[in-house]
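Chain residues, written in single-letter form:
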Amino acid sequence: MTIQATWDAARARRWLRTCTSVGEVPHLAGKPTIEVDGGQVRIGNHFRLSSRPVASHLAAGPGAVLHIGNDVSISYGAAIAAFQHVHIGDGTRIGPFVIIMDTNFHSASGDQSVQHDCRPVTVGDGCRIGSRVTITRGVTIGDGAEILAGSVVSSAIPPGVCAAGGRARIIGRACDVTSRWDSAAAVLPELLMVSLGLESPPDLNSSPIPTHLWAGARMRGALSAIEDRLGVVLNRDAACEIETFVEIAAAVQQALRERQGHADGL
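Throughout what follows, the structure given in this document is the object of discussion. Here the structure is a predicted model, which means the values were calculated and not measured.

A few words now on the environment of Phe245. By the secondary structure assignment, Phe245 is in helix α5 (residues 245-265). Sequence separation of Phe245 and Pro202 is 43 residues, and the distance between their C-alpha atoms is 7.4 Å. When near neighbours in sequence (up to four residues on either side) are disregarded, Phe245 contacts Leu192, Leu196, Leu198, Pro202, Asp203, Leu204, Ser207, Pro208, Ile209 and Pro210.

Overall, parallel pairing links the six strands, which are arranged β3-β6-β9-β12-β15-β18 in an open sheet. Of all strands in the sheet, those with a lone pairing partner are β3 (33-36) and β18 (152-153), marking the two edges. Bridge count between strand β9 (residues 79-82) and strand β12 (residues 99-101): three bridges; the pairing is parallel. From the neighbouring strand, Ala81 faces β12, where its bridge partner is Met101.

Following Arg52, the chain continues to Pro53 via a peptide bond in cis, the omega torsion being 5 degrees. Turning to its location among the elements, Pro53 is positioned in the loop between β5 (48-50) and β6 (57-60). Not every positive phi belongs to a glycine, and Phe97 is a case in point at roughly 60 degrees.

On the surface, a cluster of negative charge is contributed by Asp237, Glu241, Glu243 and Glu247. By the element assignment, Asp237 lies in helix α4 (residues 236-239). Overall, Asp237 belongs to the exposed group, its relative accessible area being 62%.

A few words on the sheet that holds strand β17 (residues 146-147). Across the sheet, eight strands lie side by side as β2-β5-β8-β11-β14-β17-β19-β20; this open sheet has mixed pairing. Pairing within the sheet leaves two strands with one partner each, and these edge strands are β2 (27-29) and β20 (169-173). Examined bridge by bridge, strand β11 (residues 93-94) and strand β14 (residues 128-129) share two bridges and lie parallel to one another. The partner of Ile94 across the bridge, within β14, is Ile129.

A separate point is the side chain of Ser56. Mapped onto the secondary structure, Ser56 falls in the loop between β5 and β6. Within the local environment of Ser56, its side chain forms a polar contact with the backbone oxygen of Ser75, the two atoms lying 3.0 Å apart. Not counting residues up to four positions away in its chain, the partners in contact with Ser56 are Pro32, Thr33, Leu49, Ser50, Ser51, Ser75, Tyr76, Gly77 and Ala78.

Okay, the side chain of Asp228 next. Relative to the elements of secondary structure, Asp228 occurs in helix α3 (residues 216-230). A distance of 3.0 Å separates the side chain of Asp228 from the side chain of Ser73, its partner in a polar contact. In contact with Asp228, not counting residues within four places along its chain, are Arg48, Ser73, Arg93 and Arg128.

Parameters at a glance
- Residues numbered from 1 in each chain as written.
- Predicted model: local features only at pLDDT ≥ 70, side-chain atom pairs only at ≥ 80, totals over all residues.
- Heavy atoms only, no water.
- Helix = DSSP H or I, 4+ residues; strand = E, 2+ residues; numbered from the N terminus.
- Contact = heavy atoms within 4.5 Å.
- Pairing = 2+ DSSP bridges.
- Patch = residues over 30% accessible without salt bridge, like charges linked within 9 Å, V, L, I, M, F, W, Y side chains within 5 Å.
- Areas by Shrake-Rupley, 256 points an atom, 1.4 Å probe, with all protein chains shown as cover.
- Salt bridge = Lys/Arg side-chain N within 4 Å of Asp/Glu carboxyl O.
- Lys, Arg positive; Asp, Glu negative; His and termini not counted.
- Charge placed at Lys NZ, Arg CZ, Asp CG, Glu CD.
- Buried < 20%, exposed > 50% of the residue type's maximum accessible area, 1.4 Å probe, protein only.
- Polar contact = N/O pair within 3.5 Å; in protein donor to acceptor, adjacent residues only side chain to side chain.

This is the structure we're talking about:
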């Protein structure tokens with residue numbers, strides 16, 4: 001492990017020090033808000049949490065458990081709160097501004113100081129949760145399921161399916177790029193705007209990439225954001241040769257097709 005990696009891991013552990021347990025090699029981009037009020041936050045190995053440009057929040061109320069498995073990635077602006085039990089399975093990827101809560105934060109009388117109406121939430125292993133998804137109390141999402149951006153999940157989702165909508169319903173198989181509205185073309189402009197610090201979303205069809213942006217830490221940050229949001233890993237050496245945003249989109253689409261082809265062959 002390099003000196004920088006050792007420092008990053010030590011800083012992450014300091015920022016996560018109120019958690020009950022933290023596994024090996026945590027990585028934090030920015031400082032999150034962690035609230036442990038008599039509950040437990042348990043985090044597995046290789047945890048990744050982004051709080052840039054917007055801080056993410058993890059909370060566990062009295063007697064509650066927030067369990068986050070191994071190799072879980074949570075993007076910026078997320079809010080995950082347990083007042084009874086929230087379980088996030090191994091290998092799950094959670095996009096920006098996702099809300100997961102096992103409570104409605106008020107009693108039947110509307111007095112928030114009384115007690116919370118809680119039901120456990122379970123997100124299975126290997127799930128992909130798109131940006132601005134809301135997962136409400138009592139929900140179970142099966143292993144390998146995919147929830148598309150902007151959806152509200154208020155009922156059980158079976159394993160291996162793709163679900164979407166204001167009341168999320170099954171629209172196809174997970175990772176089927178032909179039946180999703182948060183395709184790379186739809187997601188990349190905002191993702192690149194945030195990760196590269198642009199003033200507005202780029203035009204994927206014509207905009208060249210400013211050379212000072214597609215290098216070093218910013219390029220690495222953009223590639224990490226693409227991996228977290230879309231679940232594909234772009235070769236860094238090949239990425240260094242990219243000069244336009246349309247080339248980024250093409251590389252991502254190709255990686256998505258290869259992933260789909262691999263899934264079909266299983």
